[in-house]
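Coordinates in review
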Amino acid sequence: MERFKVGIIGAGHIARKMAHTLRDMEGVEPYAVASRNQENAEGFACEWGFTRAYGSYEDLADDPEVQLIYIATPHSHHFEQARMCLEKGKPVLCEKAFTANAEQAETLIRLSKEKQVFLTEAIWTRYMPFSETLRELVDGGTIGRVMMLTANIGYPIAEKERIAKPELCGGALLDIGVYPINFARMLFGSEITGITSACVKGETGVDLQSSITFVYRNHRMAVLQMTAFCANDRQGVISGDKGYIIVDNINNPQLAVVYSVNHEEVARYTCPPQITGFEYQVQASIDAIREGKIETPCMPHAETLHIMQMLDDLRSEWGVRYPMD
């Protein structure tokens, strides 16, 4: 079978991680990259072994050889770039956060359905096999009746341009807060009956630190913390009446340790070897495209839209607005 040709829009840090992934995947060709100028694109292509380099995003989308386009630009740019690709009939794997707001997400999903062109959100934890392992531990009674989940994430990134600027859809929520939110929804589901939160904003008006609590119909609770001010343990803790599970890193889980109610280690589960962890979302996209699907069960359109609406509601409560709202 011919190698599946993937193009990347953007040539920054996250694009480099995807380039590393594509280079080392079997059956995949790191085919084309587009940057805002030709020189950047050519340098990136040379470094990572891409066949084509474009100084225009539209030129990449016009290339008939490209079979999937990964969008690796800031959140603020996702909508226009994804729409352009879909209009040209190009399947899209769009980095998280999917768009600036739910209205944009709804427009893209509608276009995907009208054009019958594949579209999915690149929230990598949703596609990882180890996420299924965690679900099995929670649902399988390993720690008894599960009632509480906590998840933290934090990096000292408040001064970075993509975080500080509202015009880039900055703030901790869209950049890193989506990880604890998705962690909770993967393990506890979507039957949330109440949400409470608190937020600390920066000088530019974006959220930089927050705490969010979900209450579920079955009396479960998920308590989530995110911060752009400092580093934290990035851990997830899932608690039941017969023990608890500590997940080492909700952003890319490598280890889950099961403890008894007496705090004694019972078992440990390790993540299978990865290239970078990005390979699973790429493969899920390729599989769906080859099957003629416009979405993947790993991250259905409806789930992306629900989360984008939740992000909108939280920002509205906090008074965080973007120019495109």
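Residues numbered from 1 in each chain as written. Predicted model: local features only at pLDDT ≥ 70, side-chain atom pairs only at ≥ 80, totals over all residues. Heavy atoms only, no water.

Here we come to the side chain of S76. Its location among the elements puts S76 in helix α4 (residues 75-87). A relative accessible area of 14% means that S76 is categorised as buried. In terms of polar contacts, S76 uses its side chain to reach the side chain of H77, at 2.9 Å. The residues touching S76, leaving out its near neighbours within four places in the chain, are E167, L168, C169 and M324. (Helix = DSSP H or I, 4+ residues; strand = E, 2+ residues; numbered from the N terminus. Buried < 20%, exposed > 50% of the residue type's maximum accessible area, 1.4 Å probe, protein only. Polar contact = N/O pair within 3.5 Å; in protein donor to acceptor, adjacent residues only side chain to side chain. Contact = heavy atoms within 4.5 Å.)

Excluding glycine, residues mostly carry a negative phi; peptide bonds, for their part, are mostly trans. Cis geometry marks the peptide bond from K96 to A97, where omega comes out at -20°. Along the chain, A97 turns up in the loop between β5 (92-95) and α5 (102-115). One non-glycine residue with positive phi stands out, namely Q116, at about 55°. With respect to the secondary-structure elements, Q116 resides in the loop between α5 and β6 (119-122).

Glancing now at helix α1 (residues 13-24). Look at α1: 17 Å from first C-alpha to last across twelve residues, which is about the 16 Å you get at 1.5 Å a residue. For α1, the complete set of buried residues consists of A15, M18, A19, T21 and L22. Relative to the axis of α1, the buried residues are bounded by an arc of 160° and lie together on one face. For α1, the elements touching its buried residues are β1 (4-9), β2 (28-34), α2 (38-48), β4 (68-71), β5 and α9 (279-290). (Expected span 1.5 Å × (residues − 1). Arc of directions from axis to C-beta.)

This part takes up the UniProt feature "domain: Gfo/Idh/MocA-like oxidoreductase N-terminal" (unreviewed entry) in the protein chain. UniProt tags residues 4-120 as "domain: Gfo/Idh/MocA-like oxidoreductase N-terminal" (unreviewed entry). End C-alpha atoms of residues 4-120 are separated by 17 Å, and the span's content is 48% helix alongside 22% strand. (UniProt positions renumbered as here; feature names shortened; annotations may be inferred.)

Moving on to the pairing of strand β10 (residues 221-227). Both strand β7 (residues 146-154) and β10 contribute to a ladder of seven bridges, which runs parallel. Its bridge partner lying in β10, T150 is registered against V223. Bridge count between strand β9 (residues 207-216) and β10: seven bridges; the pairing is antiparallel. Paired with F214 across the bridge in β10 is A222. Count of turn residues in the β9/β10 antiparallel hairpin: four residues, of which H219 carries a positive phi of about 75°. (Pairing = 2+ DSSP bridges.)

As a further point, take the nonpolar core. Core analysis: the biggest nonpolar cluster contains 107 residues, and I8, L149, I181, L224 and I238 have the highest contact counts within it. Among the elements that make up this core, the one with the highest residue count is helix α8 (residues 172-188) (eleven residues). Mapping this core onto the domain boundaries places at least three of its residues in each of domain 1 (2-122 + 276-306) and domain 2 (128-272). Residues in contact with L224, not counting those within four places in the same chain, are L149, A151, P180, I181, A184, S210, S211, I212 and F214. (Core = buried A, V, L, I, M, F, W, Y, C linked by side-chain atoms within 4.5 Å. Domains from an automatic or database assignment.)

Take the state of the cysteines next. Enumeration over the complete set of coordinates arrives at zero disulfides. C94 carries a free sulfur, and the closest cysteine sulfur to it, the one in C85, is 9.0 Å from it. Not part of a disulfide, C230 finds its nearest cysteine sulfur in C199, a span of 14 Å. Here C230 falls in the partly exposed class, since its relative accessible area comes to 34%. (Disulfide = S-S within 2.5 Å.)

Moving on: the sheet that holds β7. Sheets are built from strands paired through backbone hydrogen bonds, the pairs being either parallel or antiparallel. Ordered in space as β8-β9-β10-β7-β11-β12-β13-β14, the eight strands form an open sheet in which the pairing is mixed. For this open sheet the edge positions go to β8 (192-201) and β14 (265-270), each flanked by a neighbour on one side alone. When the angles between neighbouring strand axes are averaged without regard to direction, this sheet yields 10°. Here helix α10 (residues 301-318) sits on the sheet and contacts β8 and β9; the angle it forms with β8, its principal contact strand, is near 50°. (Axes fitted to C-alpha atoms, helices over the stretch in contact; angles between N-to-C directions.)

Now for the sheet that holds β5. The strand order across the open sheet built from six strands is β3-β2-β1-β4-β5-β6, with neighbouring strands paired in parallel fashion. A single partner strand is all that each edge strand has here, and the edge strands are β3 (52-54) and β6. Strand-to-strand twist in this sheet, taken as the mean axis angle between neighbours without regard to direction, amounts to 25°. Bridge count for β5 against β6 is four bridges, and the pairing is parallel. Each bridged residue has a counterpart across the sheet, and for E95 the counterpart in β6 is A122.

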